[in-house]
Amino acid sequence: MRFALLLCGNIINWAIAIFGVVSQPKDFASYLLAIFIANLLLYMTFYISMKIYFKERILPVPVFFILMDIITWAGALYFFIFKAHTNWEKMPAQSREENDNCIVLNFYDAHDVWHFLSALGLFMSFLIMMILDDDLIKIPRSKIRVF
(Lines give C-alpha, C1' and ligand atoms only; values in the text may rest on other atoms or scores of the structure.)
Protein backbone atom coordinates (compact mmCIF):
# COMPACT_ATOMS: atom_id res chain seq x y z
CA MET A 1 0.00 0.00 0.00
CA ARG A 2 2.68 2.48 1.03
CA PHE A 3 4.78 1.70 -2.04
CA ALA A 4 1.80 2.15 -4.36
CA LEU A 5 0.92 5.54 -2.86
CA LEU A 6 4.52 6.74 -2.98
CA LEU A 7 4.81 5.51 -6.57
CA CYS A 8 1.66 7.46 -7.52
CA GLY A 9 3.04 10.57 -5.83
CA ASN A 10 6.32 10.26 -7.70
CA ILE A 11 4.55 9.70 -11.02
CA ILE A 12 2.45 12.82 -10.46
CA ASN A 13 5.54 14.87 -9.55
CA TRP A 14 7.46 13.62 -12.58
CA ALA A 15 4.45 14.34 -14.80
CA ILE A 16 4.31 17.93 -13.50
CA ALA A 17 8.08 18.29 -14.05
CA ILE A 18 7.91 16.90 -17.60
CA PHE A 19 4.94 19.14 -18.36
CA GLY A 20 7.01 22.12 -17.20
CA VAL A 21 9.98 21.16 -19.38
CA VAL A 22 7.85 20.49 -22.46
CA SER A 23 5.41 23.41 -22.23
CA GLN A 24 7.76 25.90 -20.53
CA PRO A 25 4.94 27.80 -18.83
CA LYS A 26 5.04 31.55 -19.27
CA ASP A 27 3.84 32.12 -15.71
CA PHE A 28 6.51 30.27 -13.71
CA ALA A 29 5.16 31.46 -10.35
CA SER A 30 1.78 29.82 -10.96
CA TYR A 31 3.52 26.66 -12.16
CA LEU A 32 5.58 26.56 -8.96
CA LEU A 33 2.47 27.24 -6.90
CA ALA A 34 0.76 24.29 -8.60
CA ILE A 35 3.67 22.04 -7.61
CA PHE A 36 3.48 23.14 -3.97
CA ILE A 37 -0.31 22.75 -3.75
CA ALA A 38 -0.22 19.38 -5.50
CA ASN A 39 2.44 18.11 -3.08
CA LEU A 40 0.54 19.37 -0.04
CA LEU A 41 -2.62 17.60 -1.21
CA LEU A 42 -0.66 14.46 -2.15
CA TYR A 43 0.95 14.30 1.28
CA MET A 44 -2.35 14.80 3.07
CA THR A 45 -3.99 12.10 0.94
CA PHE A 46 -1.08 9.75 1.61
CA TYR A 47 -1.14 10.30 5.37
CA ILE A 48 -4.91 9.96 5.71
CA SER A 49 -4.88 6.85 3.49
CA MET A 50 -2.18 5.26 5.63
CA LYS A 51 -4.14 6.00 8.82
CA ILE A 52 -7.20 4.33 7.30
CA TYR A 53 -5.15 1.40 5.97
CA PHE A 54 -3.62 0.71 9.40
CA LYS A 55 -7.07 1.07 10.99
CA GLU A 56 -6.21 4.08 13.11
CA ARG A 57 -9.18 6.15 14.18
CA ILE A 58 -9.83 9.57 12.77
CA LEU A 59 -11.74 11.62 15.30
CA PRO A 60 -14.84 13.66 14.32
CA VAL A 61 -13.13 17.07 14.53
CA PRO A 62 -10.41 16.19 11.96
CA VAL A 63 -13.10 14.61 9.73
CA PHE A 64 -15.07 17.87 9.87
CA PHE A 65 -11.99 19.92 8.94
CA ILE A 66 -11.05 17.47 6.17
CA LEU A 67 -14.48 17.94 4.60
CA MET A 68 -14.31 21.71 5.03
CA ASP A 69 -10.79 21.72 3.55
CA ILE A 70 -11.94 19.78 0.48
CA ILE A 71 -14.73 22.31 -0.09
CA THR A 72 -12.39 25.26 0.49
CA TRP A 73 -9.65 23.94 -1.83
CA ALA A 74 -12.23 23.13 -4.51
CA GLY A 75 -13.48 26.72 -4.36
CA ALA A 76 -9.96 28.14 -4.29
CA LEU A 77 -8.84 26.09 -7.29
CA TYR A 78 -12.03 27.02 -9.16
CA PHE A 79 -11.30 30.72 -8.70
CA PHE A 80 -7.61 30.26 -9.50
CA ILE A 81 -8.14 28.28 -12.70
CA PHE A 82 -11.37 29.73 -14.11
CA LYS A 83 -11.99 33.15 -12.61
CA ALA A 84 -8.89 34.99 -11.40
CA HIS A 85 -7.07 36.71 -14.25
CA THR A 86 -3.87 38.56 -13.59
CA ASN A 87 -1.02 39.55 -15.84
CA TRP A 88 2.31 39.80 -14.05
CA GLU A 89 4.04 41.26 -17.08
CA LYS A 90 2.15 44.54 -16.98
CA MET A 91 2.68 47.52 -14.75
CA PRO A 92 0.34 47.62 -11.72
CA ALA A 93 -1.70 50.47 -13.16
CA GLN A 94 -2.22 48.61 -16.44
CA SER A 95 -3.05 45.38 -14.64
CA ARG A 96 -5.57 47.20 -12.45
CA GLU A 97 -7.42 48.32 -15.59
CA GLU A 98 -8.07 44.67 -16.47
CA ASN A 99 -9.44 43.66 -13.05
CA ASP A 100 -12.76 41.84 -13.03
CA ASN A 101 -15.87 43.28 -11.47
CA CYS A 102 -16.12 43.00 -7.71
CA ILE A 103 -18.15 39.99 -6.59
CA VAL A 104 -17.94 40.05 -2.78
CA LEU A 105 -19.24 43.07 -0.84
CA ASN A 106 -18.83 45.11 -4.01
CA PHE A 107 -15.12 45.39 -3.13
CA TYR A 108 -13.32 42.05 -3.71
CA ASP A 109 -12.83 40.53 -7.15
CA ALA A 110 -12.24 36.88 -8.11
CA HIS A 111 -8.48 37.14 -7.52
CA ASP A 112 -9.09 38.35 -3.97
CA VAL A 113 -11.52 35.48 -3.39
CA TRP A 114 -8.82 33.08 -4.61
CA HIS A 115 -6.42 34.54 -2.04
CA PHE A 116 -8.97 34.27 0.79
CA LEU A 117 -9.97 30.69 -0.05
CA SER A 118 -6.42 29.47 -0.63
CA ALA A 119 -5.25 31.03 2.66
CA LEU A 120 -8.14 29.35 4.48
CA GLY A 121 -7.37 26.07 2.68
CA LEU A 122 -3.70 26.24 3.68
CA PHE A 123 -4.63 27.02 7.27
CA MET A 124 -7.05 24.10 7.46
CA SER A 125 -4.57 21.75 5.76
CA PHE A 126 -1.95 22.46 8.40
CA LEU A 127 -4.58 22.36 11.15
CA ILE A 128 -5.60 18.89 9.95
CA MET A 129 -1.98 17.74 10.05
CA MET A 130 -1.71 19.07 13.59
CA ILE A 131 -4.88 17.42 14.98
CA LEU A 132 -5.07 14.28 12.84
CA ASP A 133 -3.15 12.15 15.34
CA ASP A 134 -5.02 13.33 18.43
CA ASP A 135 -6.41 9.79 18.73
CA LEU A 136 -2.86 8.61 19.57
CA ILE A 137 -2.36 10.92 22.54
CA LYS A 138 -2.49 8.10 25.11
CA ILE A 139 -0.57 5.54 23.04
CA PRO A 140 3.13 5.10 23.96
CA ARG A 141 5.44 6.33 21.21
CA SER A 142 7.00 2.91 20.82
CA LYS A 143 3.62 1.50 19.75
CA ILE A 144 2.78 4.17 17.16
CA ARG A 145 3.26 3.14 13.55
CA VAL A 146 5.46 5.41 11.50
CA PHE A 147 4.56 5.87 7.88
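These numbers were taken from a predicted model, which means no experiment stands behind them. (Residues numbered from 1 in each chain as written. Predicted model: local features only at pLDDT ≥ 70, side-chain atom pairs only at ≥ 80, totals over all residues. Heavy atoms only, no water.)

Let's talk about the packing of helix α3 (residues 60–83) against helix α5 (residues 110–131)
Look at α3 against α5: their axes get within 8 Å of each other, and the N-to-C directions meet at 150°. Put simply, α3 runs roughly antiparallel to α5. Note that α3 runs across α5; the crossing there is left-handed. Of the residues assigned to the contact of α3 with α5, the class counts are 19 nonpolar, 5 polar and 2 charged. (Axes fitted to C-alpha atoms, helices over the stretch in contact; angles between N-to-C directions. Helix = DSSP H or I, 4+ residues; strand = E, 2+ residues; numbered from the N terminus. Parallel < 35°, antiparallel > 145°, perpendicular 65-115°, else oblique. Left-handed = near helix turned anticlockwise from the far one by under 90°. Nonpolar A, V, L, I, M, F, W, Y, C, P; charged D, E, K, R; others polar.)

Details of α5
In a regular helix each residue adds 1.5 Å, so 22 residues correspond to 32 Å; α5 covers 31 Å between its end C-alpha atoms and thus fits that length. Here α5 has its buried residues at Ala-110, Val-113, Trp-114, Ser-118, Gly-121, Met-124, Ser-125, Leu-127, Ile-128 and Ile-131. Residues of α5 that are buried sit in contact with α2 (28–53) and α3. (Expected span 1.5 Å × (residues − 1). Buried < 20%, exposed > 50% of the residue type's maximum accessible area, 1.4 Å probe, protein only. Contact = heavy atoms within 4.5 Å.)

A look at the side chain of Thr-72
By secondary structure assignment, the location of Thr-72 is in helix α3. In this view, Thr-72 contacts Leu-117, Leu-120, Gly-121 and Met-124; residues no more than four positions away in its chain are not counted.

Function cannot be inferred from these measures alone, as they are strictly geometric.
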